[in-house]
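A structural walkthrough
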Amino acid sequence: MAALPSGKHDVFQAIADPTRREVLRLLVDKEMPVTAISGHFTMTRTAVSKHLRILSEAGLVKERKVGRETRYRLETQPLQELRNWLQYYERYWENKLSALQRLVESDEDADEKTNDA
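Along each chain, the written sequence defines residue order, and numbers are assigned to residues from 1. Where totals are concerned, whole chains, interfaces and linings use all residues; where local detail is concerned, this predicted model gives features only for residues with pLDDT of at least 70, and gives and counts side-chain atom pairs only at 80 or more. Side-chain metrics in this entry use all non-hydrogen atoms of the structure; hydrogen atoms and water are not considered.

Let's shift gears to the nonpolar core. For the purposes of this section, nonpolar cores are sets of buried Ala, Val, Leu, Ile, Met, Phe, Trp, Tyr and Cys residues that join through side-chain atoms within 4.5 Å. Only protein chains enter the accessibility calculation, which uses a 1.4 Å probe; a residue is then buried when its area is under 20% of its type maximum, exposed when over 50%, and partly exposed in between. Core analysis: the largest hydrophobic core is formed by 21 residues, its most contacted members being Leu 27, Ile 37 and Leu 60. The way it works is that DSSP assigns letters per residue, a run of H or I at least four long becomes a helix, a run of E at least two long becomes a strand, and they are numbered from the N terminus. Counting only elements with at least two residues in this core, the list comes to helix H1 (11-15), helix H2 (18-26), helix H3 (34-38), helix H4 (45-57) and strand S3 (69-74). Top contributing element to this core by residue count: H4, with four residues. Leu 27 has contacts with Met 32, Ile 37, Val 61, Tyr 72, Arg 73 and Leu 74, leaving out every residue within four places of it along the chain. In what follows, a contact means two residues having at least one pair of non-hydrogen atoms within 4.5 Å.

So, about H4. Think of an α-helix as turning once every 3.6 residues; residues three or four places apart then point the same way. Residue count minus one, scaled by 1.5 Å, sets the expected span of a helix. Between the first and last C-alpha of H4 there are 18 Å, a value that for 13 residues agrees with the 18 Å anticipated at 1.5 Å per step. For H4, the full list of buried residues reads Val 48, His 51, Leu 52, Ile 54 and Leu 55. Down the axis of H4, the buried side of the element spans an arc of 160°, and every buried residue falls inside it. Exposed positions of H4 whose direction lies more than 90 degrees from the buried face are Thr 46 and Lys 50. Where H4 is buried, its residues meet H1, H2, H3, strand S2 (61-66) and S3. Following H4 by one or two positions, Gly 59 has its phi on the positive side, about 80°. Here the arc refers to the directions that run from the helix axis out to each C-beta atom.

Moving on to H2. Buried residues of H2: Thr 19, Arg 20, Val 23, Leu 24 and Leu 26, and no others. Each buried residue of H2 sits inside an arc of 160° when the element is viewed along its axis, so together they form one side. H2 presents Pro 18 and Arg 25 as exposed residues on the side facing more than 90 degrees away from its buried surface. We define a polar contact as two N or O atoms separated by no more than 3.5 Å, with the added condition that, inside protein, one atom must be a possible hydrogen donor and the other a possible acceptor, whereas residues neighbouring each other in sequence contribute only through side-chain atom pairs. One side-chain oxygen at the N-terminal end of H2 lies 2.7 Å from the backbone nitrogen of Thr 19; it belongs to Asp 17.

By themselves, these figures tell us nothing about what the structure is for.
Here you go:
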């Protein structure tokens, strides 16, 4: 995976991996230690830690020490960049779906006129 020139990963790179998306889903409602997160995967704790590091570099998770344990929590602010990017495509699909709806409705109107005749 390519990193940004600063050595950090961006939001798009971070969420490209399904494992990292699942980690984010796990952190939506609660802060969790790496051991609890690892319990949801068949990979090693070290592998999960690497995923957490990438998410952290992208600013999607924050960590804090509680005793000997490091806990992770979701940071939603960087997801705004993703949301802004997706909004363009939402408009695109809304326009395409509206055009399809108009086409279907005009075909239905034509069929009704043919059946009425």
